[in-house]
Amino acid sequence: MNKYIKLVIAALIIGLGIYLMFNRQIGLGILLVILSVVPILLFFRNEYILLAFWKLRKQDLVGARSWLDKITNVKSQLVRKQYGYYNYLMGITEAQGNAAKAESYMKTALDYGLSFKHDRALATLNLAAGAMMRGNKNEAERFLTEAKKLDTSNMLGDQIKMMKEQMKRVNVSRSNMINPQMRSRSKFMK
């Protein structure tokens, strides 16, 4: 549903409530004016994004993705502030299958802006994971330090520590790729 249709519906409900108040049905009029808050709230908080967050809370990624797929035209259905959270949720649901696509969603989410620090921390942590998968250690370390700064409540502390340990293992495995026994073997092969 277009975001401006919600405002028109709210205006019609308010108009009907005021009309009923003038016709001596004050209780019903007040009830309608109070109910007009619902479409106004849904203008600022899209119902599909709210339902996707609810599904994510239950750890149902497929269900969250199905609610997000109902948003067909982002520009006409969402307020600009919601673009970041739409891309954030798409990145979370896409992270299991296609990490590169999830990384692009997270970059877009950070560009549009996320309201909460823990959401920005999770997005930068996903960007660090993508940089580590590409083999870009410096960029991954930069994203990890940024995620650690943003994670003030230490919700992602374990994931950040685990990511740092994985980065150390990647470095150790690359330095041990050269077999030290190869030199001694090459002397005997001559």
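Above this text you will find the structure in question.
I will try to describe carefully the structure that is included in this document. (Residues numbered from 1 in each chain as written. Predicted model: local features only at pLDDT ≥ 70, side-chain atom pairs only at ≥ 80, totals over all residues. Heavy atoms only, no water.)

**A short note on the overall build of the protein chain**
Line of reasoning, step 1. A count of helices and strands for the protein chain gives 12 helices and zero strands.
Line of reasoning, step 2. Listing every helix and strand of the protein chain by position from the N terminus yields α-α-α-α-α-α-α-α-α-α-α-α.
Line of reasoning, step 3. Here the protein chain holds 190 residues, and the buried ones make up 34% of them.
Line of reasoning, step 4. For the protein chain, the proportion of contacts with a sequence separation of at least 24, taken over those separated by at least 6, is 52%. (Helix = DSSP H or I, 4+ residues; strand = E, 2+ residues; numbered from the N terminus. Buried < 20%, exposed > 50% of the residue type's maximum accessible area, 1.4 Å probe, protein only. Contact = heavy atoms within 4.5 Å.)

**Some points on the side chain of Thr124**
Line of reasoning, step 1. Counting through the fold element by element, Thr124 comes out in helix H9 (residues 117-134).
Line of reasoning, step 2. A relative accessible area of 1% means that Thr124 is categorised as buried.
Line of reasoning, step 3. Only 2.9 Å separates the side chain of Thr124 from the backbone oxygen of Ala121, close enough to count as a polar contact. (Polar contact = N/O pair within 3.5 Å; in protein donor to acceptor, adjacent residues only side chain to side chain.)

**What to know about the nonpolar core**
Line of reasoning, step 1. Membership of the largest hydrophobic core comes to 35 residues, with the highest contact counts inside it found for Tyr86, Tyr88, Leu125 and Leu144.
Line of reasoning, step 2. Contributing elements (two or more residues each) for this core: helix H4 (47-57), helix H5 (61-69), helix H7 (80-94), helix H8 (99-112), H9, helix H10 (137-150) and helix H11 (157-175).
Line of reasoning, step 3. Ignoring anything within four residues of it in the chain, the contact list for Leu144 reads Leu125, Ala128, Ile160, Met163, Lys164 and Met167. (Core = buried A, V, L, I, M, F, W, Y, C linked by side-chain atoms within 4.5 Å.)

**Some thoughts on H4**
Line of reasoning, step 1. Among the residues of H4, those classed as buried are Glu47, Tyr48, Ile49, Ala52 and Leu56.
Line of reasoning, step 2. On the buried face of H4, the contacting elements are helix H1 (3-22), helix H3 (37-44), H5 and H7.
Line of reasoning, step 3. Between the side-chain oxygen at the start of H4 and the backbone nitrogen of Tyr48 there is a gap of 2.7 Å, and the oxygen is on Asn46.
Line of reasoning, step 4. Taken from the residues just after H4, Gln59 is the one with a positive phi, measuring 60°.

**Some thoughts on the environment of Gln159**
Line of reasoning, step 1. Counting through the fold element by element, Gln159 comes out in helix H11.
Line of reasoning, step 2. Gln159 sits 34 residues away from Leu125 along the chain, and the two C-alpha atoms are 8.4 Å apart.

**Here's the deal with the packing of aromatic side chains**
Line of reasoning, step 1. Using the criterion set out here, one finds six aromatic pairs in the structure.
Line of reasoning, step 2. Judged by centre distance (4.9 Å) and plane angle (85°), the rings of Phe43 and Phe44 are edge-to-face.
Line of reasoning, step 3. Phe43 gets classed as buried once you look at its relative accessible area, which sits at 11%.
Line of reasoning, step 4. Judged by relative accessible area, which is 49%, Phe44 ranks as partly exposed.
Line of reasoning, step 5. Where Tyr48 meets Trp67, the ring centres are 6.0 Å apart and the plane angle is 25°; that geometry is what we call stacked. Of this pair, Tyr48 sits in helix H4 while Trp67 sits in helix H5, placing them 19 residues apart in sequence. (Phe/Tyr/Trp six-rings, centres within 6.5 Å; stacked < 30°, edge-to-face > 60°.)

**Some thoughts on the packing of H7 against H9**
Line of reasoning, step 1. Between H7 and H9, the least distance of the axes is 11 Å, while the angle of their chain directions is 45°. Overall, the two elements H7 and H9 adopt an arrangement that is oblique. In this structure, the crossing between H7 and H9 has a hand that is left-handed. When H7 is examined against H9, the residues Tyr85, Tyr88 and Ile92 are found in contact with a partner set consisting of Asp119, Leu122 and Ala123.
Line of reasoning, step 2. Taken together, the residues of the contact of H7 with H9 sort by class into five nonpolar, no polar and one charged. (Axes fitted to C-alpha atoms, helices over the stretch in contact; angles between N-to-C directions. Parallel < 35°, antiparallel > 145°, perpendicular 65-115°, else oblique. Left-handed = near helix turned anticlockwise from the far one by under 90°. Nonpolar A, V, L, I, M, F, W, Y, C, P; charged D, E, K, R; others polar.)

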